[in-house]
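Listed here are the chains, written in short residue letters.
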Amino acid sequence: MNAPVDVTNLRIETPRLILRPWRESDLEDFYEYASVEGVGEKAGWNHHQSVEESQRILGLFIGGKKTFALELKDNGKVIGSLGLEPRDEDAGLNPEWKGREIGYVLSKDYWGRGLMPEAVKAVIDYCFRVLDFDYLTCGHFDHNDRSRRVVEKCGFQFLKKVVTATVRGVEEPGKLYVLFNPHKEK
């Protein structure tokens, strides 16, 4: 079952990041990374073509209450997002268990610095220790080796191969992984 999530009043800190709700004032930073070719495409969406497009999606982030902005502690710049997305029932997990799927995007300028595993591990800890989730899933498209490495570094285990219909209008082959709450027996 998709566990309830509301990040509206949450703040999670890591050594280098603050994970917090999105704000209207984040628009410039959001557009800056989301408009770079190759960033969104790794996650199944086209890079943004206008500030207005970013504004519309920022509104969805704020209204959806399930997506964190990733803010660098040293300068306050928002460099990515991490969402706790609803999980499709096709995962083959017990429908009584509660969990979500982690999805993430990071500014190309910050790839390869270990920031996304840092953020994902903090959210895993929060979801398991505070929200008492039974599991989290995470996936990547076959062509996205960077995302695959994040999944592996965070301890997820392969669950199954998947094909995902993206907002770009293409079907992308990929892999889905699962991580069970170590504080619970399965």
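Criteria and cut-off values
Residues numbered from 1 in each chain as written. Predicted model: local features only at pLDDT ≥ 70, side-chain atom pairs only at ≥ 80, totals over all residues. Heavy atoms only, no water. Pairing = 2+ DSSP bridges. Helix = DSSP H or I, 4+ residues; strand = E, 2+ residues; numbered from the N terminus. Buried < 20%, exposed > 50% of the residue type's maximum accessible area, 1.4 Å probe, protein only. Contact = heavy atoms within 4.5 Å. Polar contact = N/O pair within 3.5 Å; in protein donor to acceptor, adjacent residues only side chain to side chain.

Turning our eyes to something else, we now look at the pairing of strand β7 (residues 157–165). For β7 and strand β8 (residues 171–180), the ladder comprises eight bridges, and the chain directions are antiparallel. By the bridge assignment for β8, Gln157 is matched with Val178. Where β7 hands over to β8, the hairpin turn is made up of five residues, of which Gly169 adopts a positive phi near 85°.

What follows covers the environment of Lys73. Turning to its location among the elements, Lys73 is positioned in the loop between β3 (67–72) and β4 (78–85). A relative accessible area of 35% places Lys73 in the partly exposed class. Through-space distance from the C-alpha of Lys73 to that of Ala43 is 25 Å; in sequence the pair is 30 residues apart. When sequence neighbours within four positions are dropped, the list of residues in contact with Lys73 reads Glu13, Thr14, Pro15, Arg16, Leu17 and Ile18. At a separation of 3.1 Å, a polar atom in the side chain of Lys73 contacts the side chain of Glu13.

The backbone of Lys65 shows a phi angle near 60°, a positive value even though the residue is not glycine. Position of Lys65 among the secondary structure elements: in the loop between α3 (51–64) and β3. Within the chain, Asp132 stands out as a residue other than glycine whose phi angle is a positive 60°. Within the secondary structure layout, Asp132 lies in the loop between α4 (115–129) and β6 (135–141). For Asp132, a relative accessible area of 36% gives the class partly exposed.

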